[in-house]
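A structural walkthrough
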Amino acid sequence: MGNDDNSEPHQNKYEEIINLLKTNQLKNITFITGAGISTSAGIPDFRSPNGLFAQTQKKYNLSSPVQFFQINLFYEHPEYFYDFCKNVEKQINECKPTKAHLFQGFLCKKGIVKRIFTQNVDGLEIKAGCPRELCTFAHGRIDIAGCPECLSDYDIEELRQKIYKGEIAYCEECNKPIKPKVVFYGEYLPSSYHDSFDDITKTDCAFIMGTSLAVFPFYRLPCNIPKDSWRVLINLEKVTGAIFTTNRLDFDNEYKKDCFIQGYTDEVVQKIVDDCEWTKEFNEYCSNFK
Ligand code: CNA
């Protein structure tokens, strides 16, 4: 774990957050997460050099990296995504939660989590013991299925069988191809995202972990956190999200409660746990999910 800004104000901010956690002064924590928290479980992210964008663009000879996840391409060539699912869906279902997921579950158990907003579709939050009602899967889930056009539900087991047989499932209502309910570019976010959005304005500390904050409208979430609340980014690189908005992340301003901790999410959350002197308690929590 390192930091490209080792200045005193930065270290002071980190120590203040640890002190607030240790003394139970943060009671409405929000998590804002992305694919980076699941890479150590074996699930590639989108934008890293060996991520899914690079893999799919090459395999399907696409003109742009995001094209594979465009809804129009899916309607034209559902077989591409079915082929992709055949390879990754089973693998994702067998993955275990990472330390970053378990940290979220651990804080939920402490009763200090307001909400978990994730862009991830792997559902590892649930496997880490985070209560379903606290989780907002902003980009859907891979383990439920439906029609992207009329939104009617479809049995995921039936879809899995079709995928493995190399057949396409079509909606009985509108004849569009069925897919797992993961949100593609060009699709609306689930209503649960809008229903829980207000929780972001009630957070006293947000941990933003493993995301490039590049996907609209999710990247706006940090901007809606109250100005007197903490925003802690734990990521391999510094990102600031939405460009044309007010209240952007600004780690270099010593007067703002924005703190960047550069590193692998699993290592950083372990350091936070250790610095809070929660190590034994956290290990006990994690041992339930081996
Ligand atoms: P992204 O754009 O690929 O960004 C990932 C970010 O995490 C980058 O800044 C990386 O540097 C960083 N990162 C990678 N590994 C680590 C690590 N171990 N520790 C710390 N930082 C790390 O992915 P986003 O989530 O920002 O983009 C949103 C997309 C990705 C959503 O639509 C997701 O549905 C989609 N996605 C989800 C999964 C999943 O469910 N696990 C996997 C791949 C893509």
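Below: a short report on this structure. Note that the structure is a prediction, hence the values are computed from the model and not measured. (Residues numbered from 1 in each chain as written. Predicted model: local features only at pLDDT ≥ 70, side-chain atom pairs only at ≥ 80, totals over all residues. Heavy atoms only, no water.)

1. Some words on the packing of helix α4 (residues 78–94) against helix α7 (residues 156–165)
At their nearest, the axes of α4 and α7 sit 9 Å apart, and the two run at 125 degrees to each other. Considering their axes alone, α4 and α7 lie oblique with respect to each other. Two packed elements cross with a definite hand, and for α4 against α7 that hand is left-handed. Residue-level inspection shows Y82, C85, K86, E89, K90 and N93 of α4 in contact with α7, the latter providing I156, L159, R160, I163 and Y164. Looking at the contact of α4 with α7 residue by residue, the classes come out as six nonpolar, one polar and four charged. (Axes fitted to C-alpha atoms, helices over the stretch in contact; angles between N-to-C directions. Helix = DSSP H or I, 4+ residues; strand = E, 2+ residues; numbered from the N terminus. Parallel < 35°, antiparallel > 145°, perpendicular 65-115°, else oblique. Left-handed = near helix turned anticlockwise from the far one by under 90°. Contact = heavy atoms within 4.5 Å. Nonpolar A, V, L, I, M, F, W, Y, C, P; charged D, E, K, R; others polar.)

2. Focus on the site of the ligand
The immediate surroundings of the ligand are formed by 27 residues, with R47, D122, T211, S212 and E237 found nearest. In this structure, T211 approaches the ligand through a side-chain N or O atom, which is 2.7 Å from an oxygen atom. For the ligand, whose accessible area on its own is 870 Å², the fraction buried by protein is 94%. The residue inventory of the shell around the ligand, partitioned by class, reads ten nonpolar, 13 polar and four charged. (Near = heavy atom within 4 Å. Polar contact = N/O pair within 3.5 Å; in protein donor to acceptor, adjacent residues only side chain to side chain. Areas by Shrake-Rupley, 256 points an atom, 1.4 Å probe, with all protein chains shown as cover.)

3. Brief notes about the sheet that holds strand β5 (residues 153–154)
Taken in spatial order, the three strands line up as β5-β4-β6 in an open sheet, and their pairing is antiparallel. Lying at the two open borders of the sheet, with one neighbouring strand each, are β5 and β6 (179–182). Direction of pairing for strand β4 (residues 140–146) relative to β6: antiparallel, over a ladder of three bridges. What sits directly across from G146, in β6, is K179. (Pairing = 2+ DSSP bridges.)

4. Some points on the pairing of strand β1 (residues 29–33)
Burial analysis of β1 places five of its five residues in the buried class, which makes it a mostly covered element. On β1, burial covers both faces: I29, F31 and T33 on one face and T30 and I32 on the other are all buried. Note that β1 and strand β2 (residues 113–118) share five bridges and pair parallel. By the bridge assignment, T33 is partnered in β2 with T118. As defined by bridge partners, β1 adjoins strand β7 (residues 205–209) across five bridges and the pair is classed as parallel. (Buried < 20%, exposed > 50% of the residue type's maximum accessible area, 1.4 Å probe, protein only.)

Any link to function would need more than the numbers given here.
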